[in-house]
Amino acid sequence: MTKTPYQLTGVPVNSDFTTSPADWMVAQARAFGLHYLLAHADDGVIWGRIDDDGLHTSHGIAPASPPLRASTLQQARLFGPAGELLLWRDDNGWSARFVADIPGNDDDIIDEDQILWGDTVEATKNGFTLVREGSQGMRHAVPVVVTAEQLRHHQLRLRVRHYITENEDGEASITLSRLVQLLPEA
C-alpha cells in the first residue's frame, strides 16, 4: 500500500457556526490559510472570498445568490492552495473536515482545471465579477476580477486536486478530491 498523499483532520463545529456562520468560517479560513468559499444552499449557490476584513459573498452581486445562513446551507467548501475545509449537514447535524497535501507526494496528485461557465462579463463589483452564460442568462458572481478577454479564452477556471492511492492489489484510483483555487488569481 502506498503512502496517502493527503492528511485528513476532523474540525469541530460548535454552536458559533449556527449563530454566526460567517464569523465561524472566517475563523476557520484564517486558522488554515484559506481564501475562497463555495457554498450550496437550499436557495442557491454562494461564492465568497476571505480578506483581511472578513468574508465577502456573492449575495447582492449575483441576482440569485442567497445570503449565507446556517438554516439553508447544505454544504460549504473553504479552500485555497493550503487545503480545503469541507462543512456538511446530515441527520446528525454539522460535520467538518480539513484536507491538506503531504509534501513530497507530487506523483500521487493530479490537478485539473475545470472551466467555469460564463461567456459575458456583466459587472465587476467589490472584487467579484458577475458573469452570464448564453441566451438563458444564467449568472453567478465569482470572487475574482475577470475580463471579457479572459472569458473568451476560457481562463475562468476552478482548480481541483485529485489524490491517487493504491489498494492492497496495487490498483490505483482517485480516493479524494478537493478545491484548490480560482483562476485567474489576482
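Structure first, text after, so check above.
Residues numbered from 1 in each chain as written. Predicted model: local features only at pLDDT ≥ 70, side-chain atom pairs only at ≥ 80, totals over all residues. Heavy atoms only, no water.

## Comments concerning the sheet that holds strand 8 (residues 109-115)
What counts is decided by this rule: One bridge is not enough; two strands pair if DSSP finds at least two bridges between them. Labels follow the DSSP assignment, with helices taken as runs of H or I lasting at least four residues and strands as runs of E lasting at least two, numbered in each case from the N terminus. Lines are fitted to the C-alpha atoms to define the axes, a helix being fitted only along its stretch in contact, and any angle between axes, read from their N-to-C directions, falls within 0 to 180 degrees.
The strand order across the open sheet built from 3 strands is 8-12-13, with neighbouring strands paired in antiparallel fashion. In this open sheet, the two strands that pair with only one neighbour each are strand 8 and strand 13 (172-183). With strand direction ignored, the average angle separating the axes of adjacent strands in the sheet is 25 degrees. As judged from the 10 bridges shared by strand 12 (residues 157-166) and strand 13, these two strands associate in the antiparallel manner. Residue pairing across strands places H162 opposite S177, the latter belonging to strand 13.

## Describing the pattern of salt bridges
Convention followed: We count a salt bridge whenever a side-chain nitrogen from Lys or Arg sits within 4 Å of a carboxyl oxygen from Asp or Glu. For the exposure calls, accessible area comes from a 1.4 Å probe over protein chains only, and a residue counts as buried if that area is under 20% of its type's maximum, exposed if over 50%, partly exposed in between.
With the rule as written, the count across this model stands at 11 salt bridges. Among the salt bridges present, the one from R161 reaches D111, with a minimum N-O distance of 2.7 Å. One end of the pair, R161, is in strand 12; the other, D111, is in strand 8, and 50 residues separate them in sequence. Judged by its relative accessible area of 37%, D111 is partly exposed. Three or more residues joined by partner-sharing salt bridges are found here, namely D101, D111, R161 and R178.

## Observations concerning the environment of R152
Let me state the cut-off plainly: Two N or O atoms form a polar contact when they lie within 3.5 Å of each other; inside protein one atom must be a possible hydrogen donor and the other a possible acceptor, and for residues adjacent in sequence the pair counts only when both atoms belong to side chains.
With respect to the helices and strands, R152 occurs in helix 3 (residues 148-152). Once the C-alpha coordinates of R152 and P184 are considered, the two residues, 32 residues apart in sequence, prove to be 13 Å apart. In terms of polar contacts, R152 uses its side chain to reach the side chain of E149, at 2.7 Å.

## Quick word on the pairing of strand 5 (residues 73-80)
Along any regular strand the residues' side chains alternate between the sheet's two faces. For strand 2 (residues 36-41) and strand 5, the ladder comprises 6 bridges, and the chain directions are antiparallel. Considered in strand 5, the bridge of L37 is made with L78. As judged from the 6 bridges shared by strand 5 and strand 6 (residues 83-90), these two strands associate in the antiparallel manner. For Q75, the partnering residue across the bridge sits in strand 6 and is W88. The antiparallel pairing of strand 5 with strand 6 creates a hairpin that spans 2 residues between the two strands.

Just geometry here; none of it tells us what the structure is for.
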